[in-house]
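# Inside the fold
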Amino acid sequence: MSDVVETPVLHLSRDHLIETVAGLRDEGYVSALDVTAVDYLEHPGRTDLPPEVEPERFELVVTLISHTTPGRIRLRVQVPADDPTVPTLFDLFPGTEALEREVADMYGIVFEGHPDPTRILMPPDWEGHPLRKDFAVGRIPVQFKATR
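These numbers were taken from a predicted model, which means no experiment stands behind them. (Residues numbered from 1 in each chain as written. Predicted model: local features only at pLDDT ≥ 70, side-chain atom pairs only at ≥ 80, totals over all residues. Heavy atoms only, no water.)

## Describing the overall build of the chain
Regarding its fold elements, the chain presents two helices and six strands. Of the regular secondary structure in the chain, the N- to C-terminal order runs β-α-β-β-β-β-α-β. The dimensions of the chain, computed from C-alpha atoms along their principal axes, are 65 × 40 × 35 Å. Taking the intrachain contacts of the chain between residues at least 6 apart in sequence as the baseline, contacts between residues at least 24 apart amount to 60%. Carbon and sulfur atoms make up 53% of the accessible area of the chain, which totals about 9,500 Å². (Helix = DSSP H or I, 4+ residues; strand = E, 2+ residues; numbered from the N terminus. Contact = heavy atoms within 4.5 Å. Areas by Shrake-Rupley, 256 points an atom, 1.4 Å probe, with all protein chains shown as cover.)

Written as structure tokens, this is what we have:
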């Protein structure tokens, strides 16, 4: 017999993200374990969403944990390619600062209200977002130091 407990998943709109996360924090979900994203460019007809949720190219995925009633909850937010923005969770969970910067750097999703939106993994002058499915893989120029 397995003791595996399934993680509940909530599908939210961007407009309800902050109020939902604040409510969950008040209910005991006191830590944000992860903030990441998925690019569904190559899977436009996916069927893993409830019928009332319109699939978008990007999806923000947030995992919260409760210590009072041990458990996790996953939040999935659809983010359109033509407006890749979501509100920052930094005011509710300051530990999301670097995680949001990674998502912004790798996927180009902007966290509105983030205190430091600078790149964290790529050089500041880097063009593009390496984890987007349409990013040209293998076209990174090799740089050599001159020998004497």
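## Re the sheet that holds strand β2 (residues 29-39)
Overall, mixed pairing links the four strands, which are arranged β1-β4-β3-β2 in an open sheet. Each having just a single partner strand, β1 (9-12) and β2 make up the two edges of the open sheet. Mean inter-strand twist for the sheet, computed between neighbouring axes without regard to direction, equals 20°. Inspection of the sheet shows β2 paired to strand β3 (residues 58-66) by nine bridges, in the antiparallel sense. Paired with Val-38 across the strands is Glu-59, a residue of β3. Of the strands in this sheet, β1, β2, β3 and β4 (71-79) are in contact with helix α1 (residues 17-26), which crosses β4 at around 175°. Packed on one face of the sheet, helix α2 (residues 97-107) meets β2 and β3 and runs near 5° to β2. (Pairing = 2+ DSSP bridges. Axes fitted to C-alpha atoms, helices over the stretch in contact; angles between N-to-C directions.)

## Description of the pairing of β4
Pairing of β1 with β4, which is carried by four bridges, proceeds in the parallel orientation. For His-11, the partnering residue across the bridge sits in β4 and is Arg-76. Both β3 and β4 contribute to a ladder of nine bridges, which runs antiparallel. Pairing of Glu-59 across the sheet is with Gln-78, part of β4.

## Some remarks on α1
When we look at burial in α1, the residues that qualify are Leu-17, Thr-20, Val-21, Ala-22 and Leu-24. Turning to α1, the residues buried within the fold contact β1, β2, β3, β4 and β5 (85-87). At the exit of α1 stands Gly-28, carrying a positive phi of roughly 115°. (Buried < 20%, exposed > 50% of the residue type's maximum accessible area, 1.4 Å probe, protein only.)

## Focus: the pattern of salt bridges
Counted by the stated rule, this structure contains eleven salt bridges. Notably, a salt bridge pairs Arg-76 with Asp-48, separated by 2.7 Å at the nearest N-O pair. Highlighted residues: Arg-76 in strand β4 and Asp-48 in the loop between β2 and β3, separated in sequence by 28 residues. When its relative accessible area of 12% is taken as the criterion, Arg-76 is described as buried. (Salt bridge = Lys/Arg side-chain N within 4 Å of Asp/Glu carboxyl O.)

## Side note on the packing of aromatic side chains
Two aromatic rings, taken as a pair, are described by how far apart their centres are and by the angle between their planes. Under the definition given, this model contains one aromatic pair. Just above the ring of Tyr-40 sits the side chain of Arg-46; from NZ or CZ to the centre is 3.6 Å. (Phe/Tyr/Trp six-rings, centres within 6.5 Å; stacked < 30°, edge-to-face > 60°. Lys NZ or Arg CZ within 6 Å of the ring centre and 35° of its normal.)

## Quick notes on the side chain of Arg-46
Positionally, Arg-46 belongs in the loop between β2 and β3. Side-chain polar atoms of Arg-46 contact the side chain of Glu-59, separated by 3.5 Å. Within polar-contact distance, the side chain of Arg-46 engages the side chain of Gln-78 at 2.5 Å. With residues near it in sequence (within four places) discarded, Arg-46 still touches Tyr-40, Pro-55, Glu-56, Glu-59, Arg-76 and Gln-78. (Polar contact = N/O pair within 3.5 Å; in protein donor to acceptor, adjacent residues only side chain to side chain.)

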